[in-house]
Amino acid sequence: MSIRRELIDELLKDYANPQDILAEDGLLKQLTKAVIERCLETELDTHLGYAKHARQGNATGNRRNGHSQKTLKGEQGQVEIEVPRDRQGNFEPQLVQKGQTRLEGFDDKIIALYARGMTTRDIQAQLHELYGVEVSPTLISNVTEAVLDEVRQWQARPLEALYPIVYLDCLVIKVRENQQVVNKSVYLALGVNLSGYKELLGMWIAQHEGAKFWLAVLTELQNRGVKDIFIACVDGLTGFPEAIEAVFPQTRVQLCMVHLVRSSLRYVSYKHMKEVATDLKAIYTAGTEIEAELNLELFAEQWDSRYPSISKAWRTHWARVIPLFAFPAEIRKVIYTTNAIESLNMTLRKVTRNHRIFPSDEAVFKVVYLAVRNLAKKWTMPIHDWKPALNRFAVEFAERFP
């Protein structure tokens, strides 16, 4: 619907300064107030069955009974409106319902700011700066609390029967528990489906993980519909290979190269970072296991004098590195691709950085879920080189391929 230019000109004629339109008592706030009140009057007309001042109203037994004041918070700041009443007291307005204190869309603003990792104090300051609205920590908590129901539904949703690749990732955060601050881990299962699209399958919080913990996680995935996983990429998580074998005995467990390289680079000074990363890449991109072992030896000769712990760590985990070399190049590329999990890691680190200490596990779930929900909107394309990999999956796992 378009608004007539003549009407717009009539509204703007008293505003020589365009900035006054957005001022505290400017045109936009007045329009918001006028439109809401006009709609409420129309709703009351419908409820009573006659228009204001109409004669038939005298015989209905119900009539208008003045107005009540209400303050609404919205994008134009705080808007004072008059809500019409009826004598019988059974008028239930729909545009601005009883007990409602925020205009539609205002809650979405709070959730959007929360999803970006802003703290309650940050959100209060941002809303006051943008809209001149004072909001309490309780209001912000109540608005974001509704997200938990969405999280529960999401965590229990049915999953696909087959995921060729599942990455298990971990994020360490600080949570207040029993009047103490403890380190907890948020475990994320990122699946790649047959179409090559990424999908976060679930998230779990634990202070300690082991075979029993991972058995519960994998059993949950199985109960939600997952029947098979071709390759599970893990970060050397304690007890995970044993749990995989118990629930998905045919799944091949592969140490995630992204995590292993990142862990290795923690020991390296900035000036050597690029060179070390290049030499490590020569190991996991080697054509064969023998070539990879040779490149590891060359790496040790080059860097053990400065960083002896790196080659030692690779040798310790070598049994979980070498399954990679049993796959053709097409599958290897999608196993150790950084794109599949790096965007997830970066986003979550960014949104959790502002929250030095989370007040509860529920607060962690809300922030992480909202961040992932925003990020998933960008997962509109299959991961790189997926088609060649899918063809090789069909050959390598022919008896299990649908």
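Look up: the structure comes first, before these words.
Residues numbered from 1 in each chain as written. Predicted model: local features only at pLDDT ≥ 70, side-chain atom pairs only at ≥ 80, totals over all residues. Heavy atoms only, no water.

Draft legend 1. Just the overall build of the protein, in detail. Helix and strand counts for the protein come out as 16 helices and seven strands. Split into buried and exposed, the 402 residues of the protein put 45% on the buried side. Summarising the internal contacts of the protein: among those between residues at least 6 apart in sequence, 64% fall at separations of at least 24. (Helix = DSSP H or I, 4+ residues; strand = E, 2+ residues; numbered from the N terminus. Buried < 20%, exposed > 50% of the residue type's maximum accessible area, 1.4 Å probe, protein only. Contact = heavy atoms within 4.5 Å.)

Draft legend 2. Inspection of the nonpolar core at higher detail. Ile231, Val276, Leu280, Trp314, Leu348, Trp386 and Phe393 are the most contacted members of the largest nonpolar core, which totals 68 residues. Ranked by residue count, the leading element in this core is helix H15 (residues 361-376), at nine residues. Counting residues in each nonpolar core, the second largest holds 24 residues, with Leu159, Ala206, Trp214 and Val226 among its members. (Core = buried A, V, L, I, M, F, W, Y, C linked by side-chain atoms within 4.5 Å.)

Draft legend 3. Examining helix H7 (residues 240-247) more closely. Listing the buried residues of H7 in full gives Phe240, Pro241, Ala243, Ile244 and Val247. Taken around the axis of H7, the buried residues stretch over an arc of 160°, which confines them to a single face. Tucked inside the fold, the buried residues of H7 contact strand S3 (162-177), helix H6 (211-223), strand S6 (228-234), strand S7 (252-255) and helix H12 (318-321). (Arc of directions from axis to C-beta.)

Draft legend 4. Representation of unusual backbone geometry in the model. Even without being a glycine, Asn178 presents a positive backbone phi close to 50°. On the accessibility criterion, Asn178 (69% relative accessible area) is exposed. Of note, Asp385 is a non-glycine position whose phi angle comes to about 65°, a positive value. Along the chain, the position of Asp385 falls in the loop between H15 and helix H16 (386-396).

Draft legend 5. The arrangement of the sheet that holds strand S5 (residues 198-206) in detail. Here we have five strands laid out as an open sheet, ordered S5-S4-S3-S6-S7, and mixed in their pairing. The open sheet has two edge strands with one neighbour each: S5 and S7. Pairs of neighbouring strands in the sheet enclose a mean axial angle of 25°, with direction left out of account. With four bridges joining them, S6 and S7 adopt parallel strand pairing. Opposite Val234, over in S7, you have Leu255 as the bridge partner. The sheet strands contacting H16 are S3, strand S4 (180-192) and S6, and the helix crosses S3 at an angle near 115°. (Pairing = 2+ DSSP bridges. Axes fitted to C-alpha atoms, helices over the stretch in contact; angles between N-to-C directions.)

Draft legend 6. Region of the structure containing the pairing of S4. S4 sits mainly inside the fold: ten of its 13 residues count as buried. The pairing of S3 with S4 spans 13 bridges and is antiparallel. If you follow Leu168 over to S4, its bridge partner there is Ala189. Hairpin connection, S3 to S4: the antiparallel pair is bridged by two residues, and Asn178 has positive phi, about 50°. Remark: five residues form the turn of the hairpin made by S4 and S5, two consecutive strands paired antiparallel; Gly196 in that turn has positive phi of roughly 90°.

Draft legend 7. Highlighting the packing of aromatic side chains. On inspection of all chains with the given rule, the structure shows eleven aromatic pairs. Summarising the aromatic geometry, the rings of Phe327 and Phe397 are spaced 6.4 Å apart at their centres and angled 40° between planes, so their arrangement reads as tilted. Taken together, the residues Phe327 in the loop between H12 and helix H13 (329-335) and Phe397 in the segment after H16 connect sequence positions 70 residues apart. There is no split in this pair, since Phe327 and Phe397 are both buried. Taken together, the aromatic side chains of Phe230, Phe327, Trp386, Phe393, Phe397 and Phe401 make up a single cluster linked through ring pairs. (Phe/Tyr/Trp six-rings, centres within 6.5 Å; stacked < 30°, edge-to-face > 60°.)

Draft legend 8. Structural detail: the environment of Asp228. As for its placement among the helices and strands, Asp228 is situated in strand S6. The contact partners of Asp228, leaving out residues within four places of it in the chain, are Ala161, Leu162, Tyr163, Phe248, Thr251 and Arg400. Within the structure, Asp228 has its side chain in polar contact with the side chain of Arg400 (distance 2.8 Å). (Polar contact = N/O pair within 3.5 Å; in protein donor to acceptor, adjacent residues only side chain to side chain.)

Draft legend 9. Local environment of a positive patch on the surface. Taken together, the side chains of Arg266, Arg349, Lys350, Arg353 and Lys378 define a basic patch exposed on the protein surface. Here Arg349 is to be found in helix H14 (residues 339-353). With a relative accessible area of 33%, Arg349 lands in the partly exposed category. (Patch = residues over 30% accessible without salt bridge, like charges linked within 9 Å, V, L, I, M, F, W, Y side chains within 5 Å. Areas by Shrake-Rupley, 256 points an atom, 1.4 Å probe, with all protein chains shown as cover. Salt bridge = Lys/Arg side-chain N within 4 Å of Asp/Glu carboxyl O. Lys, Arg positive; Asp, Glu negative; His and termini not counted. Charge placed at Lys NZ, Arg CZ, Asp CG, Glu CD.)

Draft legend 10. Quick peek at the state of the cysteines. A full pass over the atoms with the stated rule returns zero disulfides. Of all cysteine sulfurs, the one in Cys256 lies closest to Cys233, which takes part in no disulfide; the gap is 5.6 Å. (Disulfide = S-S within 2.5 Å.)

Draft legend 11. Up close: helix H9 (residues 273-284). The terminal C-alpha atoms of H9 lie 17 Å apart, and with twelve residues this matches the ideal 16 Å at 1.5 Å per residue to within 8%. Along H9, the residues classified as buried are Val276, Leu280, Ile283 and Tyr284. Along H9, the residues classed as buried sweep out an arc of 80° about the axis, all on the same side. Facing away from the buried side of H9 by over 90 degrees, the exposed positions are Lys274 and Thr278. (Expected span 1.5 Å × (residues − 1).)

Draft legend 12. View of the environment of Ser360. Along the chain, Ser360 falls in the loop between H14 and H15. C-alpha separation for the pair Ser360 and Lys174, spaced 186 residues apart in sequence, amounts to 9.4 Å.

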